[in-house]
Structure formats: structure tokens, C-alpha cells
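Now for the letters of each chain:
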Amino acid sequence: MNLRPILSSLTRHKLTVLLLVLQVALTCGIVCNVAFMIADRVTQMNQASGVAEDELVMIDSIDVDARTNPLARHTEDLAALRGIAGMRSVVAVDALPFNANDWTSSLDTQPDSDINQAIASVYNGTPGELRTLGLHLVEGRDFLPGEYLPVDSANNGAGLGQVSTAIVTRALADKLFPGRSALGRSIYPFSRPARIVGIVDHLLRPGPHETGSNDYSALFPLLPDTAEVTYVMRTSPQDRERVLQAAATLLAKVDGNRIIRRPQTFEQMRADHFHRDRTMVGMLLAAAAALAFVTAVAIAGLAHFWVQQRRRTIGIRRAIGATRGDILHYFQLENFLIVSGGIVLGLLLAMLLNLLLMKHYELPRLPLFYLPIGAVVLWTLGQLAVLGPALRASNVPPVVATRSV
Amino acid sequence: MFGYYINLALHSLRRNPILTALMVLAIGLGIGASMTMITVLHVMSGDPLPDRSGQLYYPHLDPWPAPHDRSANPHAGDNLTLPDALSLLRAQRAPLQAAMSGAAVSIRTEQGGARPSLETGHYVTADFFSMFGVPFHAGSGWTRADDEQRARVIALGSTLNRKLFGDTPSVGKIVRLGDADFRVIGVLDDWHPQPLFYADVDGRAFGKADEFFLPLQTALDLKLGFNGHLSCRGDGDDDRTSDRCSWLQFWVKLENPAQVASYTQFLADYWRQQQAHGRFPQPVNPQLYRLMDWLAYKNVVPSDVRLQLWLALGFLGVCMVDIVGLLLAKFLRRSNEISVRRALGAKRRHVFVQFGTEAAAIGVAGGVLGLLIAELGLWSVRQRPDGYAQLANMDVSMLLGTFLLAVFTSVLAGLLPAWRASRIAPAIQLKAQ
């Protein structure tokens, strides 16, 4: 179809066309970035924690009486908990991914130096932690029974200075010893070396950290000995609620003089941890939908007015031989041109907005493939919105040409 | 004449009921979304102590070396170590000053009938209550002498007091924290400053109020449970009493610029004195943040909320462009009518006012709808499990603001089309037909 008449007709409505182009551009720019933010959030929310999430349940116990010996208390509790039907294994730990109990420590590769140092989260637990959490050991071995020491929390965690072995995540190993095998090498939590005896593929840190360091975790053979401890129990997915209830009753029976808190499944904890991100994703989706709606209204509304305005012209065209299809295609093509103009401007705007977001909200760079997707979405939106008015235009009878208004 | 314009506007709007409805909906959505987020931001940026905040300051002394990489936490040096906090406290260079830290302990009554429960509160020093104007229902806070003597006294929040003692007077009674006994010295009235500015506000600045207060040094002595960040440098264990671990918040009250100046001088002198002992490696740069500046510096408004506001404003912008375009097309569609009116003697400004009225009618309807949508939006914000959720309510000023925004937006959006319509020349249009 010849573009000339369309273009010359558009130049008669410069201001209106300009506004529509601007609107499509704004929508395109915002929607591209919103889509990217949604994808970014969803990726964060789906991060693998490294543990067997659908088989774990947890319960916190806090001793009230300061004379209680925490080590003995944990041993007694663990023995009792193991007796619950359906319990595969149970350990006492001081931290878990998402539970915000974050003990971070700097780890050096040489005594008293800053070279290659990494800040990592420290995980401590009773023997069997690896198996209970379902961590995937990719190299080396688990801790040996003789390697365990108390954290010594009465002396502010002095145990970390005495420990002789450690298991680290793959990400932390690569950070500490880039390009070399970390197995068998020593790290220095304080001034004494701890040998890396095993490497696990993933273990997310208990709290949020800078991008790229979310998997910097180290496990130590240290027995938790604070008044507050978390019992992690592994069972089959369908037994979780029952095991959790049995554990709460049992712990209260073993010793009633304590606070039993936060019985929950790992999945609940994960959902709580990400509730803000879920809200944000909902907001972003709503914003994208509302923008698309408003733009569709603008396109359809304008087309509607233009069809009304041009009824006589359309009638004349029909009278001198244009088919219904010709009229339909005219409006569709016109819409395509306007939306295309908006998209060109919108893609520039998308990049610009992304730069702003990168600066103020630490968002990564917008991958380029979002741009063609955004363009296709807007073209489709435009065509759908214009279809109604265009069909009405194509139904204008030729006889209109003979009427005066 | 104006009544006639309103009639004309309504008549014109009724001719395209669907389109009119869609325009009203678009502007309503834009205004509703914007006002929801502006209200949320407004309540979150509120002053927690409106009548005192001008005289409250946070002294900022960064004891650590300058961070060597950009991604490091910029707030690592915000808290004080215990030796520094005690030095500032004992120097008493401000009329009032207090050190504090978050607390979490198990509490029950002496009789021990009920199960103990884990409660959160603050360990503070004596001036805390008078400095922040904490209202007491009964009793009072403690003295500086009580601090130094590690007195076992506790002030209870109203909720916890009711939970432990019901409606009976509780001052002088004993509560048990872990296995130590504390005497109740005061009971607070309802006191919920939001955000909880004096806490270690990284992360959770809004939400539950403190349930109890007790002397900081008593808590250290008894090794009660602490809440909040503990950041230690160098080799060695995480000892709260050492000068390698920072974890305390500190506030001072300074009543006039002279006091502010002399306190800043005192902090600088302290910094230099510490440098002589090999501490505080950074160049001398003590800061005194006023309360509201401190909240801004600590970013108490989550970045998600700010992003949501920008998103809502961007959406409102798109809605405005939308309305301008639609009104323009609509008005120009009626070029014939306009040129006839002009030919019959209507002035440009008459045409302008006529179409301006039509735009304003859409704006007012959009504003009413926007108000409803904003109330709905705020209701949905209140359903969020965040600490700030319960604050999301519209007060009278925000209500008025919404309406003004609506009328302002739509009049602004109507100006251009109305102006363009008023420029239509009488003769040419008549000729064209």
C-alpha cells in the first residue's frame, strides 16, 4: 500500500500524533525496565539455597535458666527428637539460609594478611549437619567425629580460633583460591589455620549480601553452645507438619523451662524471607498491565475520533472503488507507523531509564533482547487496540459520500 | 455563562460515554497509584518526635580504617564501641546523652506460674527517658548512679506490663529475666515513635515498639541477650567490651548552636586523642547528625518504596499524555462547531473556557475516582506484612492533596487541547464544508 497519503494525513494532526508517539515511547521505556525488574526479582527469589528445602522443618529452643549446660541440653534434646516416627535425621545449628542469624567473619589465606580475603558467613552445627541439610558435597569429605569443638560462646566465640578443619562452598573456594584447587589448603578465621576438607556446591548465606557474594558460606565443626539454638529436622515432605508438632510437644516434655519458638517448615521461612519481593513483583505486574491498558485506551480513542472525523472521506474512497480491506489496512498501517515511531523513541528511553536505575537502585544492565520483545508487545497492543475502530471505518457505506456532513 | 459551559461539557461527555469513562478511569488510576505511594512515603518520612527532634543529635565517630573497596557497607562505622560510648557518656559534655542497644530476653513474673516469653526492648542509659521525653504512666526511669552501680531495675512498656501484671499496679514488683530478678521502676504510657529512630535502624526501622528498658551496663554484666549488628575488627573473639567491636547507638541533646559547636569540637578532640593511642586511623572527621538528617542518612525508607513511587509517578505521566491526546482529538473533531461559534461572535477565550470546563469536569470525576483507588491502594499496603504497613493511612492534608493533584493534573492536561481548540479560525472551517 502506498504510504504517501497516510503520511500526509498524519502531518495534518502533528500535535496529536506527537502525543501518541510520546505515550507509546513512555510505555515502551517503562515496560521494558519493569519486565526486566520482574525477571531480576524472580531470579533472586528462585536462588537455590543448597539445602533439601521440601524435607526440612525447624524449631527454635531458648533456655531460660542460665545454669543449664547448653551442650548437654542439645545432646538430650537431639536424642529425644530422633525417636519421633518419620524422623530421618536431626541436628542443632546456629544458622540457616534465610533465618537472618548471620555470623560473618573475614577469612584470610595467610596468617595476618589481607590477601585474597573474603567475608563469609559461618555455619556451625552438631555432627550430621551436612547430611541433614542435604548439602551436596562435590569434593572431599564430611567432618570427622574427633574434629568437633564447642563454639565457646561464653568467651565470645573463641572456638573459631581453635578449629582445625572447614568445609566451604564452591563459590567461596573460587574466591579464596582462584584458579587453584582449594581442597587441603588452609584458611585463617583468626590467627590459626583451618584446613579445607570438603567443598559443597551451594549454601546460601543467612542474610542478604552484595550481589555475587550470596553463596560465600563456610561450615565449621563447632558445636553451638548458646542458650538459643535451632533444631533442624529432615523428614519426608508429607510428614513435615506431624513431625513439627511432635517435636514441639516432645521438647516441652524434656524440659518445660524454656521458650520454644518459630516452629516452621523451610518453605515457610523462604516464603517469609521473600514476601517483600513478592509484593514488589505484584506491584510491577500491576504497573505494566495498567500502562498497557492506558496506552490501548489512547490508541483506540484516537482512532475512534479519527474515524468519526473522516467518515466523509472514507465514504468517498469507498465510492470511487476502495474495498473494505483497503480502508481496514489503511488504519492498521497508520497505527503501525505511529507505534513504530514511539518504539524507536521508547527503546532509547528504555536504555536511559535503565542507566538511572543502575545508578540509584543497583539494577544490572538491561539485556538487549528485552528491546525487540518490548517492540513486538507494543506493536501487538497497537494493532489490537486499533482493530475495533478500523473495522467500524471499513463498514462506512459509500453512500456517506453523497451526504453533506 | 459558566453554568451553560458545564451543561455543554456534560452534554459533550455524554455523547461518548465509554470514552469518557475510560478517560476518567485512566486519570483515576494515575492519581490513585501516585497518591497511594506519596502517602506511604509521607508517613514513612514522618518525624518520630516532632517537638524534640530539632535538638537531638547522633554523634558519628568512625573508628575503622577507610573501606578499601566501594562495595563495602557504607554504614560499617555508624555504631560505637563500648569504650568510646562510655567515654562520651562520662564526659557529659552535652546536657543529656545516652548509649543504647537492642535487647531480647525471656521475661516472666516472680511467681513463675506463666511460661516465660521472649520480649524485645532496649538496654539504655539513664538520660534516655528525659532526652526523648518518654511518658511514664507510673514510676520513672533510673538515675546515672543506678547505671554505674549496675542496678537491677526495669521499665516496662504498656503492653508487656498488661501481659505480666494485668491491671494491678506493678511498680516495685519483681520480674525475672533469665534467672536474674529485676525491680519494676516504671511503667510507660503508650509510646511508639515511628520509625524507631534510636534503634540500630539498618533493615527494620518500623514496626513493634520496645517492650522494656533496662540499664545497659547491668545487661553487659549479666550477659543478657543483645539484638542488632555486632561488628568486630582484627584478630580475636567477638567481645562486646573490647574497643574492636562496634555495636552501640548514641544520642545527645544539644539545645543551641553554641552547644552544637562546642560538642563538635569535643568530638574532634576525642578523635585526635584516640589517634594518639593508635586508634581512629581516618582523618579527623566527626559528624553530628540531627535526628531527621540521621534518618535520611540511614535510608529508613526502603528503596523498594521509593521505586514504587517513581513507578506510580511515571504512570501518572503516561496517563496525562493519554488525556491530553484524547481531549485534543476530541476537541478538534468538533472543529465545525467551534468555527460556527467563532463566526457567530464567540471570543477565543470563550471557546477556551468552554473546553477548559469540559477538561476540568473529567479531572474532578477522575479525582474522586482517584481518591477511592488511593484508599483501596492504601488498604492493600496495610495488608503487607511489613512494619510500616500499619502507618499507611491518609490524613486530611493528604486527602486534600489528592484532590488538588487530580484537578491540577487534569486542568493542566486540558489546557493544551482547549488552547488548541480556541485557535481554530472561523472562516476556513466553514469554507471546508
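Scoring rules and cut-offs
Residues numbered from 1 in each chain as written. Chains lettered and ligands numbered in written order. Predicted model: local features only at pLDDT ≥ 70, side-chain atom pairs only at ≥ 80, totals over all residues. Helix = DSSP H or I, 4+ residues; strand = E, 2+ residues; numbered from the N terminus. Rg over C-alpha atoms; globule rule 2.2 N^0.38 Å. Buried ≥ 20, exposed ≤ 12 C-beta atoms within 10 Å, placed from the backbone. Contact = placed C-beta atoms within 7 Å. Expected span 1.5 Å × (residues − 1). Nonpolar A, V, L, I, M, F, W, Y, C, P; charged D, E, K, R; others polar. Core = buried A, V, L, I, M, F, W, Y, C linked by C-beta atoms within 7 Å.

### Brief notes about the overall build of chain B
Counting its secondary structure elements, chain B contains 14 helices and 13 strands. The C-alpha atoms of chain B give a radius of gyration of 31 Å, which is well past the 22 Å a tight globule of 433 residues would have. For chain B, the spread of C-alpha atoms along the three principal axes comes to 100 × 55 × 40 Å. The proportion of buried residues among the 433 residues of chain B is 42%. In chain B, 78% of the contacts between residues at least 6 apart in sequence involve partners at least 24 apart.

### A short note on helix 1 (residues 2–15) of chain B
With 14 residues, helix 1 of chain B extends 20 Å from end C-alpha to end C-alpha; this agrees with the ideal 20 Å at 1.5 Å per step. Within helix 1 of chain B, only zero of the 14 residues are buried, which leaves the element largely exposed.

### A look at the interface of chain B and chain A
In this assembly, 39 residues from chain B lie in contact with 43 residues from chain A. Sort the elements by how many residues they give to the side of chain B that touches chain A and helix 10 (residues 303–333) of chain B lands first, with 19 residues. For the side of chain B that touches chain A, the residue count by class is 17 nonpolar, 10 polar and 12 charged.

### Focus: the nonpolar core
The biggest cluster of nonpolar side chains holds 102 residues, and the ones touching the most others in it are C28 of chain A together with F315 of chain B. Put simply, the parts of the chain that give this core at least two residues each are helix 2 (14–45), helix 8 (275–309), helix 10 (324–361) and helix 11 (370–394) of chain A together with helix 2 (17–44), helix 10, helix 12 (348–382) and helix 13 (396–422) of chain B. The element that contributes the greatest number of residues to this core is helix 8 of chain A, accounting for 17 residues. If near-sequence neighbours (up to four positions away) are discounted, C28 of chain A is found in contact with G342, I343, G346, L347, L349, A350, G374 and L378 of chain A.

### Details of the environment of R15 of chain B
Residue and element names in this part refer to chain B. When you line up the elements, R15 lands in helix 1. Taking the number of C-beta atoms within 10 Å as the measure of exposure, R15 has 11 and is therefore exposed. Sequence separation of R15 and T168 is 153 residues, and the distance between their C-alpha atoms is 70 Å.

### Some remarks on the environment of Q194 of chain B
Residues and elements named next belong to chain B. With respect to the secondary-structure elements, Q194 resides in the loop between strand 8 (180–188) and strand 9 (212–215). The sequence separation of Q194 and K208 amounts to 14 residues, and the corresponding C-alpha distance is 9.2 Å. Residues within four places of Q194 in sequence aside, it is in contact with P48, F206 and L391.

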